[in-house]
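Here's the letter readout for the chains.
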Amino acid sequence: EKKSIAFLYTLGDGPCPKSFGVNVARLAGLPDDVLERAKCVSVAFEAEMNGETNHHKIIPSEAEDIASKIEKLFSTGAEDVNHDELKQIWEGLQ
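Residues numbered from 1 in each chain as written. Predicted model: local features only at pLDDT ≥ 70, side-chain atom pairs only at ≥ 80, totals over all residues. Heavy atoms only, no water.

Re the packing of helix α3 (residues 60-74) against helix α4 (residues 83-93)
Piece 1. Look at α3 against α4: their axes get within 10 Å of each other, and the N-to-C directions meet at 160°. When the interaxial angle is binned, α3 and α4 end up roughly antiparallel. Here α3 runs over α4; the crossing is left-handed. For the pair α3 and α4, contact is made by I66, K69, I70, L73 and F74 and by E85, L86, I89 and L93, respectively.
Piece 2. Across the contact of α3 with α4, the residue classes tally to seven nonpolar, no polar and two charged. (Axes fitted to C-alpha atoms, helices over the stretch in contact; angles between N-to-C directions. Helix = DSSP H or I, 4+ residues; strand = E, 2+ residues; numbered from the N terminus. Parallel < 35°, antiparallel > 145°, perpendicular 65-115°, else oblique. Left-handed = near helix turned anticlockwise from the far one by under 90°. Contact = heavy atoms within 4.5 Å. Nonpolar A, V, L, I, M, F, W, Y, C, P; charged D, E, K, R; others polar.)

Considerations on the pattern of salt bridges
Piece 1. Applying the stated criterion across every chain yields a total of two salt bridges.
Piece 2. Between K69 and D65 there is a salt bridge whose closest N-O contact spans 3.6 Å. Note that K69 and D65 are positioned in helix α3 at a spacing of four residues, about one turn of the helix.
Piece 3. Taking the shortest distance from any N to any O, the salt bridge between K87 and E91 comes out at 3.9 Å. Taken together, the residues K87 and E91, both in helix α4 and four residues apart, mark about one turn of the helix. (Salt bridge = Lys/Arg side-chain N within 4 Å of Asp/Glu carboxyl O.)

Notes on the side chain of S42
Piece 1. Locating S42 in the fold gives a position in helix α2 (residues 32-49).
Piece 2. Once you skip the residues sitting within four places of it in the chain, S42 turns out to touch S19 and V22.

A closer look at α2
Piece 1. Along its 18 residues, α2 runs 25 Å from first to last C-alpha, staying within 8% of the 26 Å computed at 1.5 Å per residue.
Piece 2. Of the residues making up α2, those classed as buried are L35, S42, E46 and A47. On an axial view of α2, the arc spanned by its buried residues comes to 130°, and they lie on one face. Within α2, the exposed residues directed more than 90 degrees away from the buried face are D33 and R37.
Piece 3. Elements in contact with the buried residues of α2: α1 (21-27). (Expected span 1.5 Å × (residues − 1). Buried < 20%, exposed > 50% of the residue type's maximum accessible area, 1.4 Å probe, protein only. Arc of directions from axis to C-beta.)

What to know about the environment of N82
Piece 1. In this fold, N82 is placed in the loop between α3 and α4.
Piece 2. A distance of 3.0 Å separates a polar side-chain atom of N82 from the backbone nitrogen of D84. (Polar contact = N/O pair within 3.5 Å; in protein donor to acceptor, adjacent residues only side chain to side chain.)

Considering the environment of L73
Piece 1. Inspection of the secondary structure puts L73 in helix α3.
Piece 2. For L73, a relative accessible area of 11% corresponds to the buried category.
Piece 3. Placed 12 residues apart in sequence, L73 and E85 show a C-alpha to C-alpha distance of 8.0 Å.
Piece 4. When neighbours within four sequence positions are excluded, L73 is seen to be in contact with V81, N82, E85, L86 and I89.

What follows is the structure, encoded as structure tokens:
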């Protein structure tokens, strides 16, 4: 059975809710055990990206905001970091 893939999508900004990486890996001849593990990881990742899990997910715009806040906290040097603010950021990620 010959399998192939045709890419009919265009590239755009942001995360992709569906990956074809496992299909590409299959076409490249990776071993079946690697493909099965990759499929499990991909399914879990897709579920998280689509909001189908109880895990918190960080969308890119939130990630940029959080990174900016952390960068600002450390801008004056590690010794002057406000630990309470850093703890609030950490707790918000939990």
